[in-house]
Amino acid sequence: MADDIKSLDELKSAVGDAALAEAEAPAREPVRDQFGRSYATGKRKDAVARVWIKPGSGRVTVNGKEMKDYFARPVLQMILRQPFTVAGVTDQFDVMATVKGGGLSGQAGAVKHGISKALQLFDPALRSPLKAAGFLTRDARVVERKKYGKAKARRSFQFSKR
């Protein structure tokens, strides 16, 4: 303990600039298949979506149907468009998704998560706006299971005094 380092400047001089440069993360490479598509899996509640994106005109197909036919509610369609508007690439990618499990709201969230992950794999420069918006993080909230001796997850049966 002859040389106690007490400031950041002393640490930089002790370690050296070359070691700090090596510690930086390497640049991310685009991940695409032989057809020029990027694939990602999105999850939300009980829904799991497999999503492929490729450059195109903005067509979104979910389970073989157009987005407007599969997700009839405008709110769900808006959820699917959010990653493109945040990344600034509206109507530049075609999406083909298959989704299973859960309800429509969970499926829309799963497709949104899959689109966000696929976009950042296709173009790593889009990662920072998508991550800042929180679209790359899987929402871990799921329905709590029913417990033994209870009416639901937490609701007890009605108490009777007599």
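Scroll up to find the structure.
Numbering of residues starts from 1 in each chain and follows the order in which that chain's sequence is written. Side-chain atom pairs in this predicted model are given and counted only at pLDDT of 80 or more, local residue features only at pLDDT of at least 70, and totals for whole chains, interfaces and linings cover all residues. Values shown for side chains rest on all heavy atoms present in the structure; no hydrogens or waters enter the calculation.

*Asks:* I'd like to hear about the pairing of strand 5 (residues 93-100), residue by residue, with values.
*Replies:* When DSSP locates at least two bridges between a pair of strands, those strands are taken to pair. Per the convention used, a helix needs a DSSP run of H or I reaching at least four residues, while a strand needs a run of E reaching at least two, with both numbered from the N terminus. Bridge count between strand 2 (residues 47-55) and strand 5: eight bridges; the pairing is antiparallel. Looking at the pairing, R50 lines up with T98 of strand 5. Here strand 3 (residues 60-62) runs beside strand 5; their pairing, made up of three bridges, is parallel. In the sheet register, V60 faces strand 5, and the bridge partner there is V95.

*Asks:* Tell me about the pattern of salt bridges, and please be specific about residues and values.
*Replies:* Any carboxyl oxygen of Asp or Glu within 4 Å of a side-chain nitrogen of Lys or Arg constitutes a salt bridge here. A complete count under the given rule lists six salt bridges for this structure. Between D139 and R141 there is a salt bridge; the shortest N-O distance is 2.7 Å. The class for D139 is partly exposed, based on a relative accessible area of 23%. Between E144 and K147 there is a salt bridge; the shortest N-O distance is 2.6 Å. The buried label applies to any residue whose accessible area, calculated with a 1.4 Å probe on protein chains only, is under 20% of its type's maximum; exposed applies above 50%, and partly exposed to all values in between.

*Asks:* Tell me what's going on with the pairing of strand 1 (residues 38-44), and back it up with residues and numbers.
*Replies:* Covered by surrounding structure in strand 1 are S38, A40, G42 and R44 only, the residues Y39, T41 and K43 on the alternate face being uncovered. As paired strands, strand 1 and strand 2 are joined by seven bridges and run antiparallel to one another. What sits directly across from R44, in strand 2, is A47. Taking the residues between adjacent antiparallel strands as the criterion, strand 1 and strand 2 are bridged by two residues, where K45 takes a positive phi near 50°.

*Asks:* Would you mind going over unusual backbone geometry in detail, with residue names and values included?
*Replies:* A positive phi angle, close to 50°, is found at K45, a residue other than glycine. Turning to its location among the elements, K45 is positioned in the loop between strand 1 and strand 2.

*Asks:* Explain the sheet that holds strand 1 to me, and be specific about the residues and the numbers.
*Replies:* In spatial order, the strands read 1-2-5-3-4; together these five strands make up an open sheet with mixed pairing. Of all the strands in the sheet, the pair left with one neighbour each is strand 1 and strand 4 (65-66). Any pair of residues with heavy atoms lying within 4.5 Å of one another is described as a contacting pair. Interaxial angles span 0 to 180 degrees and are taken between N-to-C directions of axes, which are lines fitted to C-alpha atoms, for helices over the stretch in contact. Each of strand 1, strand 2 and strand 5 is contacted by helix 5 (residues 104-122), which is oriented at about 145° to strand 1, the strand it contacts most.

*Asks:* Could you give an account of the nonpolar core, naming the residues involved and the relevant values?
*Replies:* One broad rule of soluble globular proteins: the nonpolar side chains tend to lie buried together. Here the nonpolar core consists of buried residues drawn from Ala, Val, Leu, Ile, Met, Phe, Trp, Tyr and Cys, with membership extended through side-chain atoms lying within 4.5 Å. Within the largest apolar cluster, 31 residues are counted, with the highest numbers of intra-cluster contacts made by I53, F71, L80 and L119. For this core, the elements supplying multiple residues, two or more each, are strand 2, strand 3, helix 3 (67-70), helix 4 (74-87), strand 5 and helix 5. The residues contacting L119, other than those within four sequence positions of it, are I53, P83, F84, V89, F93, L126 and L130.

*Asks:* Describe the environment of W52, naming the residues involved and giving the relevant values.
*Replies:* Inspection of the secondary structure puts W52 in strand 2. C-alpha separation for the pair W52 and R155, spaced 103 residues apart in sequence, amounts to 42 Å. Leaving out residues up to four positions away in the same chain, W52 has contacts with R37, S38, Y39, D94, V95, M96 and T98.

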